[in-house]
Amino acid sequence: MVTSTTAVIYPDSDGKPMSDNTKQFEWIVYIKKGLDLVFQGEPLVFVAGDLLWYPVEGNSKICQAPDTMVVFGRPKGDRGSYRQWTEADIPPQVVFEVIAPSNTIVEMSRKFQFYQHHGVEEYYIWDPDRLELGGFRRAENWLLEIETIQDWVSPRLGVRFSLNETGALQLFRPDGESFETFEQLARRADQERQRADQAELQVAQQSKARTAAEERAERLALRLRALGIDPEETTEPPS
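Just so you know, these numbers come straight off a predicted model, no measurement behind them.

K.L.:
How would you sum up the overall build of the protein chain? Please name residues and give values.
P.N.:
A tally of regular secondary structure across the protein chain gives three helices and 10 strands. Secondary structure elements of the protein chain occur, N-terminal to C-terminal, as α-β-β-β-β-β-α-β-β-β-β-β-α. The proportion of buried residues among the 239 residues of the protein chain is 35%. Sequence-distant contacts, at least 24 apart, represent 56% of the contacts inside the protein chain between residues at least 6 apart. As displayed, the protein chain offers around 15,400 Å² of accessible surface, 52% of which is attributable to carbon and sulfur atoms.

K.L.:
Can you tell me about helix 1 (residues 22–38), naming the residues and giving the values?
P.N.:
Taking 1.5 Å as the rise per residue, helix 1 with 17 residues should run 24 Å; its terminal C-alpha atoms sit 24 Å apart, in good agreement. For helix 1, every residue scored as buried is listed here: Gln24, Trp27, Ile28, Tyr30, Ile31, Lys32, Gly34, Leu35, Asp36 and Val38. The inward-facing, buried residues of helix 1 abut strand 1 (45–48), strand 3 (68–72), strand 5 (94–98), strand 6 (122–127) and strand 10 (169–172). Where helix 1 starts, the residue carrying a side-chain oxygen 3.2 Å from the main-chain nitrogen of Lys23 turns out to be Asn21.

K.L.:
Let's hear about the environment of Ser162: which residues, and what values?
P.N.:
Here Ser162 is to be found in strand 9 (residues 160–163). Overall, the relative accessible area of 8% leaves Ser162 in the buried class. Taking the C-alpha atoms as reference points, Ser162 and Leu133, separated by 29 residues in sequence, lie 8.9 Å from one another. Apart from residues no more than four positions distant in its own chain, Ser162 is found in contact with Gln150, Asp151, Ala168, Leu169, Gln170 and Phe172. Side chain to side chain, Ser162 and Gln150 meet in a polar contact 3.2 Å long.

K.L.:
Please give an account of the packing of aromatic side chains that cites residues and values.
P.N.:
According to the stated counting rule, one finds 17 aromatic pairs in the structure shown. Plain terms: the ring middles of Phe96 and Tyr124 are 5.4 Å apart, the flat faces sit at 35° to each other, and that makes the pair tilted. With Phe96 in strand 5 and Tyr124 in strand 6, this pair connects stretches of sequence that are 28 residues apart. Assigned by exposure class, Phe96 and Tyr124 land together as buried. Above the plane of the ring of Phe46 lies Arg79, whose end atom (NZ or CZ) is 4.0 Å from the centre.

K.L.:
Please give an account of the pairing of strand 7 (residues 132–139) that cites residues and values.
P.N.:
Across six bridges, the pairing between strand 6 and strand 7 is antiparallel. Looking across to strand 7, one finds that Ile125 is bridged to Gly134. Connecting strand 6 to the next strand, strand 7, in antiparallel fashion are four residues, including Leu131 with a positive phi near 55°. Where strand 7 and strand 8 (residues 142–145) come together, four bridges link them in antiparallel fashion. Across the sheet, Arg137 pairs through a bridge with Leu144, a residue of strand 8.

K.L.:
Any details on the side chain of Gln24? Residues and values, ideally.
P.N.:
By the secondary structure assignment, Gln24 is in helix 1. Taking the relative accessible area as the measure of exposure, Gln24 reaches 5% and is therefore buried. Reaching out from Gln24, the side chain makes a polar contact with the backbone oxygen of Val98 at a distance of 2.7 Å.

Conventions adopted
- Residues numbered from 1 in each chain as written.
- Predicted model: local features only at pLDDT ≥ 70, side-chain atom pairs only at ≥ 80, totals over all residues.
- Heavy atoms only, no water.
- Helix = DSSP H or I, 4+ residues; strand = E, 2+ residues; numbered from the N terminus.
- Buried < 20%, exposed > 50% of the residue type's maximum accessible area, 1.4 Å probe, protein only.
- Contact = heavy atoms within 4.5 Å.
- Areas by Shrake-Rupley, 256 points an atom, 1.4 Å probe, with all protein chains shown as cover.
- Expected span 1.5 Å × (residues − 1).
- Polar contact = N/O pair within 3.5 Å; in protein donor to acceptor, adjacent residues only side chain to side chain.
- Phe/Tyr/Trp six-rings, centres within 6.5 Å; stacked < 30°, edge-to-face > 60°.
- Lys NZ or Arg CZ within 6 Å of the ring centre and 35° of its normal.
- Pairing = 2+ DSSP bridges.

Below is the structure:
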């Protein structure tokens, strides 16, 4: 008897958009790129946004695409999807979801069950429309709600969570500096470039002033020599 096997296909896309609107997109980028900067010097910390995660080999229907996920112990690099069995069987330890108006209670409950079942250690949810922040941390094999999320520090990330005076989410790096938006980063880079240009101009002006002073001193020395005076000779002052 001849048997045939069909290779399982794991699509790189679930056909769904990364975000429902510009607000959700901006928050996903804020979280994902901020974490990229936190772990830019850590070669074995993989950060991804909207990447399909397949935890079970042989079943392409079991998958989820967190808005942002962080995997400790896996190298950085491009991936079409995160197939856990090819990644030393390490699941993402931290995931973020940014709520969109189209997200239903059933959908979010399904995501929670998925993360609960497949080993996520920390799960954070941010609703930018309602200004609501929630979090869960694994304890005794269960994701339990973090009762006080204000100023909570993620055990895995070292990142501090805060709601600012307007109620918006603000994340802080382990060094205490706030996550920045792309516009804030660009503005700071421009300011630093302006400071560098100003410092370079100041150095050039000082160099020009020294050159002018040296030229004046040389012209004076030539005049003194023309009068028979050697400017390099020193004389004792009269007593």
